[in-house]
Amino acid sequence: MKSYLSHLECTHCGRVAPANQLQNVCSACGKILYPRYDLEGVKKVLSREDIALRPANMWRYYELMPVINPENVVTLGEGMTPLIEAKRLGKSLGCSNLMIKEEGLNPTGTFKARGLSVAVSKAKELGVRDMVMPSAGNAGSALAAYAAKAGMRAHVFLPDDIPEMNKLECIAYQAQCCYVQGNIADAGRAAEENSRGKDWFSVSTLKEPYRVEGKKTMGIEIVEQLGWSMPDAIIYPTGGGTGILGMWKAFDELEQLGWIGEKRPKMICVQSTGCAPIVKAFNEGSKFAEPWPDAQTIATGLKVPSPFADYLILGVISDSKGTAIAVTDTEIIEAVQEIAHLEGILVCPEGAATLAGLKHLLAQGFLNCTERIVLFNTGSGLKYPELVSV
Ligand SMILES: *Cc1c(COP(=O)(O)O)cnc(C)c1O
Ligand SMILES: [Zn+2]
C-alpha cells in the first residue's frame, strides 16, 4: 500500500505548498491548507472491492491518507464504526430510514481519535517531538493518547470548566496539561504564548492540515457502509467543523475516483442556542461567522465561539443545500434519554443535539420521513457521567 499524497493546497487563495515538510496554515494568506492526492494514480491501483478485503479500521483507505511510510502510522484501531439502523427511534418520529453513525466506539470514546491518529502519525513522520493544542476536552484526550502511543510529547491547553473525564484522561496519558480560565479561544491564546520560542508543533483544529484527513474517513465509511451510495442528509454537531469539511472532501475525492456519482447529502449543522455562530451566519446569508459572545452550553464540543473554518463550513452547507439549526441544552438532555431508552446507545450531548435538530427539521418540513438520514453520535455518553444521573 502506498499513499498518493501529492501536495497541500490553500482552500482560500489556492497557493500550493509541499507536503513533505511541516506546515500549519497557508504562508500567503493564513487560511486553511488541504492535502491533495494523485487521484488518477489511485484509480489505477485501487478498487472498491480491494478495500472490502482490508482490516476494519480507517487506515483501510491508505492510498487516500497522507502518511508515506506505513511504519509511521500511530493507530489504536480507530474508525470503521457501525452505522446503526435506529428503528425504534425512527418509528417514534415516523422516519423509515434513520441511522446513527456511532463514533463513541472509537479509541478515547470520540471521533477526535480519527483526526489525531492522522495528525500524530504525520507529525511523527516529519520528525516532530512535541505537539501543542488548545482543546475543549476530547481533542486533548485523543492527542494525549496518540502521543503516548507514539512516545511523543503532548502539551494541552484546556479551559478549566471542561468535563472531569477529559482532565483525568490527559493526566493518565501523561500529557502536560495547562488549565486556562475562559473558553477555547482563551486556551488558544495561552497555547500560542507558551509555544513561543519552543519547537512545539501546533495540531490545533484546521491550523494543521492532516486532522481533517482522519475525519474524511467518516464520509468514506458512510458511503461504503451504504453499498457506495449516499444518504439524503447528514446531521452533524458542529464546533470547529472538521467533521463536516472532512466528509465533504471525501465525497469530492470519491467522485473523482468514479466510485460515486454527483449526488450529495444535505449537510446539516447543529449547534447550541448558547453558541451558534454558524447558524447565525447561515441565517443572515453571510459568508463568515462573527465571534459568539459569552458562549454557554453543556455540549462542550460545540462551544467554539469563532470557528477558524467558518467560510468553508458555510460553503458546504450552501453547496449541499443543507441548513444550520440551534437547539437548547434542555432539548439536548431530553434527547440523551430518548436515544438511550429507544436505541440502547448512551450518546454524548453533542450527539444528542442532532436528534433535537432532526425534530425541528421534520416539523419545519425541511426533511421528510422517508429520507435516508444519518445522525452523528460523535462520542460516548460514558465520558459524561454528570449528564446521565437522571
Ligand atoms: C469536537 C467535538 C465536536 C465538534 O466537532 P467538529 O468536527 O470540530 O465540528 C462534536 N462532538 C464532540 C463529542 C466533540 O468532541
Ligand atoms: Zn492561501
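Described in the following lines is the structure provided in the data block. In this text the structure is predicted, and so the values were computed from the model without any measurement.

1. Concerning the sheet that holds strand β7 (residues 153–159)
- Judged by pairing direction, the sheet is parallel, and its four strands sit side by side in the order β8-β7-β6-β9 without closing on themselves. Since the sheet does not close on itself, it has two edges, and those belong to β8 (176–180) and β9 (200–202), each with one partner. Looking at each pair of strands side by side, their axes are set apart by 25° on average, direction ignored.
- Where β7 lies against β8, five bridges are found, and the strand directions are parallel. For P159, the partnering residue across the bridge sits in β8 and is V180.

2. Digging into unusual backbone geometry
- Residues other than glycine seldom take positive phi values, yet W228 does so here, at roughly 60°.
- By the element assignment, W228 lies in the loop between α8 (211–225) and β10 (233–237).
- Not every positive phi belongs to a glycine, and D294 is a case in point at roughly 50°.
- Inspection of the secondary structure assignment puts D294 in the loop between α10 (277–283) and α11 (310–319).

3. Concerning the pairing of strand β3 (residues 33–37)
- Here β3 lies mainly inside the structure; four of its five residues are buried.
- Bridging between strand β1 (residues 5–10) and β3 involves five bridges; their strand directions are antiparallel. Across the sheet, the residue bridging to C10 is L33, located in β3.

4. As for the environment of L346
- Residue position: L346 is located in the loop between α12 (329–343) and α13 (349–364).
- Setting aside residues no more than four positions away along its own chain, L346 makes contact with V336, A340, N377, G379, S380, G381, L382 and V388.

5. What about the coordination of the zinc ion (ligand 2)?
- Looking at the zinc ion (ligand 2), the protein donor atoms are C10 (SG), C13 (SG), C26 (SG) and C29 (SG), and they sit 2.3 Å from it.
- Note that the zinc ion (ligand 2) binds four donor atoms; their angles at the metal cover 100 to 118°, and the shape is tetrahedral.
- Sequence spacing of the donors to the zinc ion (ligand 2): C-x2-C-x12-C-x2-C. Taken together, the residues span a long stretch of sequence, with C10 in strand β1 and C29 in the loop between β2 (16–17) and β3 at a distance of 19 residues.
- For C29, a relative accessible area of 31% gives the class partly exposed.

6. A short note on the sheet that holds strand β5 (residues 98–102)
- What the six strands build is an open sheet, ordered β4-β5-β13-β10-β11-β12; its pairing is mixed. Each edge of the open sheet carries a strand with a single partner, namely β4 (83–85) and β12 (323–327). Recorded for the sheet is a direction-independent mean angle of 25° between the axes of neighbouring strands.
- Note: β4 against β5, three bridges, orientation antiparallel. By the bridge assignment, E85 is partnered in β5 with M99.
- Across the face of the sheet, α8 comes into contact with β4, β5, β10 and β13 (373–377) while running at roughly 140° to β5.

7. Description of the site of ligand 1
- Within the structure, ligand 1 sits among 16 residues, and K112, Y236, G239, G241 and T378 are positioned closest to it.
- Taking N138, its side chain carries an N or O atom lying 2.9 Å from an oxygen atom of ligand 1.
- G240 has a polar backbone atom sitting 3.1 Å from an oxygen atom of ligand 1.
- Calculation on ligand 1 without its partners gives an accessible area of 390 Å², and the protein chains cover 96% of this total.
- Of all the cavities here, the one that holds ligand 1 is the largest pocket.
- Breaking the shell around ligand 1 down by element, the ones donating at least two residues are β10 and α9 (242–256).

8. Some points on the pattern of salt bridges
- Here the structure, examined in full by the defined rule, presents 23 salt bridges.
- The salt bridge partner of E85 is K87, with a shortest N-O separation of 3.9 Å.
- According to the relative accessible area criterion, K87 is exposed, its value standing at 58%.
- Note that K263 and D232 form a salt bridge whose closest N and O atoms lie 2.7 Å from each other.

What counts as what
Residues numbered from 1 in each chain as written. Chains lettered and ligands numbered in written order. Predicted model: local features only at pLDDT ≥ 70, side-chain atom pairs only at ≥ 80, totals over all residues. Heavy atoms only, no water. Pairing = 2+ DSSP bridges. Helix = DSSP H or I, 4+ residues; strand = E, 2+ residues; numbered from the N terminus. Axes fitted to C-alpha atoms, helices over the stretch in contact; angles between N-to-C directions. Buried < 20%, exposed > 50% of the residue type's maximum accessible area, 1.4 Å probe, protein only. Contact = heavy atoms within 4.5 Å. Donors = N, O, S within 2.8 Å, 3.2 Å for Na, K, Ca; no water. Tetrahedral: all angles 85-135°; square planar, octahedral: opposite > 155°, others 65-115°. Near = heavy atom within 4 Å. Polar contact = N/O pair within 3.5 Å; in protein donor to acceptor, adjacent residues only side chain to side chain. Areas by Shrake-Rupley, 256 points an atom, 1.4 Å probe, with all protein chains shown as cover. 1 Å grid on protein atoms, 1.4 Å probe; cavity = no way out; pocket = protein on both sides within 12 Å on 5 of 7 lines; lining within 4 Å. Sits in = over half its atoms within 2 Å of the grid points. Salt bridge = Lys/Arg side-chain N within 4 Å of Asp/Glu carboxyl O.

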